[in-house]
Amino acid sequence: MKISEAIGSAARRLADAGVPAPAFDAELLLRHILGRDRAWVIAHRDDDMDEDGIRAFKAAVSRRASREPLQYIIGSQEFWGLDFAVTRDVLIPRPETELVVETVLEAIKDKAAPIVIDLCTGSGCIAVSIAKEHKGARVFATDISPMALETAIENSRRHGVSGSIRFMEGDLFGPLAELSIKGMVDVVASNPPYISEGDIAGLQPEVRDYEPRQALAAGPKGTEIQQRIIEAAPDFLKGGGLLVMEMGLCQAEALTQMLGRTGVFDCPKVLKDLAGIERVIVAKKR
């Protein structure tokens, strides 16, 4: 079977399975199996594939046809211009979350040794990106999943910032209680679970059936984890420190009210992503 025939056949199978971008995914899977870039594949479209390659490619296509995310099959996802390892133990990093990183970096750009907390770190994409960009930052990253932390630690090593990040297992701020950083933190950042339990069933199969539910669902309202973060963050933030959180659709008003009830945050700012969706809420401690 020629490379062009393999891609065409795979694209048709993925289209029949309802995969949104079948031709793109088919080619990317083939490149992953062959370990080649797009230019090579284009130049060798008429080359024959060996039996081992065909077998491995068909297995990968079958996984994608079952709607397993492409990122889990190839084991990586680009974020902030960096290549992150991803497994089924972590949420797949998304472009919208780069807005969290951008906001944090702007807040700490003039600080020599800022302290940053990343809650629900998952793959470590936020923590690693911040540490990579700001060499003086001290980053503390927590996650309740030990498997997620293994992936995050691997990513910190991959990008040469393991010495700048302390990864700790536990629920939100819990692991940080043993440290002497209360009232000293410049930024608390998080992309927490923010989907309501009732909305999980309506998600696309790639998310609903494969991404870790613990990283998606927050509770009946969807704002339960964010509320806990809002209530606990003031103990760790210094005066003028920021809370930067990703949020779901139509959550800005509820989160603004939560922040107001603490009595310690200024009126928050709501930032929109490139699609014009309210994506990140930013609040400064008085």
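The coordinates are above.
None of the values given here were measured: they were computed from a predicted structure.

What counts and what doesn't
- Residues numbered from 1 in each chain as written.
- Predicted model: local features only at pLDDT ≥ 70, side-chain atom pairs only at ≥ 80, totals over all residues.
- Heavy atoms only, no water.
- Phe/Tyr/Trp six-rings, centres within 6.5 Å; stacked < 30°, edge-to-face > 60°.
- Buried < 20%, exposed > 50% of the residue type's maximum accessible area, 1.4 Å probe, protein only.
- Helix = DSSP H or I, 4+ residues; strand = E, 2+ residues; numbered from the N terminus.
- Axes fitted to C-alpha atoms, helices over the stretch in contact; angles between N-to-C directions.
- Parallel < 35°, antiparallel > 145°, perpendicular 65-115°, else oblique.
- Left-handed = near helix turned anticlockwise from the far one by under 90°.
- Contact = heavy atoms within 4.5 Å.
- Nonpolar A, V, L, I, M, F, W, Y, C, P; charged D, E, K, R; others polar.
- Pairing = 2+ DSSP bridges.
- Salt bridge = Lys/Arg side-chain N within 4 Å of Asp/Glu carboxyl O.
- Expected span 1.5 Å × (residues − 1).
- Core = buried A, V, L, I, M, F, W, Y, C linked by side-chain atoms within 4.5 Å.

Caption draft 1: Representation of the packing of aromatic side chains. In this structure the tally under the stated criterion is two aromatic pairs. Considering the side-chain rings of F79 and F84, the 6.0 Å spacing of their centres and the 80° angle between planes classify their relative orientation as edge-to-face. For the pair formed by F79 and F84, the shared burial category is buried. Residues F173 and F236 carry aromatic rings whose centres are separated by 4.7 Å and whose planes lie at 15° to one another, so their mutual orientation is stacked. Note that F173 is positioned in the loop between β5 (165-169) and β6 (185-190) and F236 in helix α10 (residues 224-236), a separation of 63 residues in sequence. For the pair formed by F173 and F236, the shared burial category is buried.

Caption draft 2: Examining the packing of α10 against helix α11 (residues 252-262) more closely. Closest axis-to-axis distance for the α10/α11 pair is 10 Å, and the angle between their directions is 25°. When the axes of α10 and α11 are compared, the pair comes out roughly parallel. The way α10 lies across α11 gives a crossing that is right-handed. Within the contact between the two elements, α10 uses Q226, Q227 and I230 and α11 uses L255, M258, L259 and T262. Across the contact of α10 with α11, the residue classes break down as four nonpolar, three polar and no charged.

Caption draft 3: Geometry of the pairing of β6. With six of six residues buried, β6 lies mostly within the body of the structure. Pairing geometry for strand β3 (residues 115-119) and β6, over four bridges, is parallel. Within β6, the position partnered with I117 by the bridge is V188. Strand direction decides the pairing type here: β6 and strand β9 (residues 237-246), joined by five bridges, are parallel. Note on β9: the bridge partner recorded for S190 is M245.

Caption draft 4: Here's a closer look at the environment of H32. For H32, the location among the structural elements is in helix α2 (residues 22-34). A C-alpha to C-alpha distance of 9.5 Å links H32 and A60, two positions 28 residues apart in sequence. Once residues lying within four places of it in the same chain are set aside, the contact partners of H32 are I73 and I74.

Caption draft 5: Structural context of the pattern of salt bridges. Per the counting criterion, the structure on display carries 20 salt bridges. A salt bridge links E206 to R67; the shortest N-O distance between them is 2.8 Å. With a gap of 139 residues between them, E206 in helix α9 (residues 205-208) and R67 in the loop between α4 (51-65) and α5 (70-74) connect regions that are remote in the sequence. Across the pair, R67 and E206 agree in class, each one buried. Between D266 and R286 there is a salt bridge; the shortest N-O distance is 3.2 Å. In this pair, D266 is assigned in the loop between α11 and β10 (269-272) and R286 in the segment after β11 (278-284), connecting sequence segments 20 residues apart. Assessed through its relative accessible area of 57%, R286 is described here as exposed. Put simply, D25, R64, R67 and E206 are held in one network by salt bridges that share partners.

Caption draft 6: Fine view of α2. Between its first and last C-alpha atoms α2 spans 18 Å; for 13 residues at 1.5 Å apiece the expected length is 18 Å, and the two agree. Taken together, the buried positions of α2 are P22, D25, A26, E27, L28, L29 and L30. Those residues of α2 hidden inside the fold are in contact with α1 (3-16), α3 (38-43), α4 and α5.

Caption draft 7: Layout of the nonpolar core. With 30 residues, the main nonpolar core has V104, I108, I130, V139, I165, V187 and V244 as its most contacted residues. For I108, the residues in contact, after removing those within four places along its chain, are P114, V116, I130, H134, A137, D186 and V187. Counting residues in hydrophobic clusters, the runner-up holds 29 residues, among them V185, V188, F236 and M247.

Caption draft 8: View of the sheet that holds strand β4 (residues 138-143). Strand order in the open sheet formed by seven strands is β5-β4-β3-β6-β9-β11-β10, and the pairing between neighbours is mixed. A single partner strand is all that each edge strand has here, and the edge strands are β5 and β10. Averaged over all adjacent pairs, the angle separating strand axes in this sheet is 20°, with direction ignored. Against the sheet, helix α8 (residues 146-158) engages β4 and β5, with an angle of about 170° to β5. Its contacts with the sheet put α11 on β9, β10 and β11, and the angle it makes with β11 is roughly 10°.

Caption draft 9: Geometry of helix α7 (residues 125-133). Most of α7 is tucked away: seven of the nine residues are buried. Along α7, the residues classified as buried are C125, I126, A127, V128, S129, I130 and A131.

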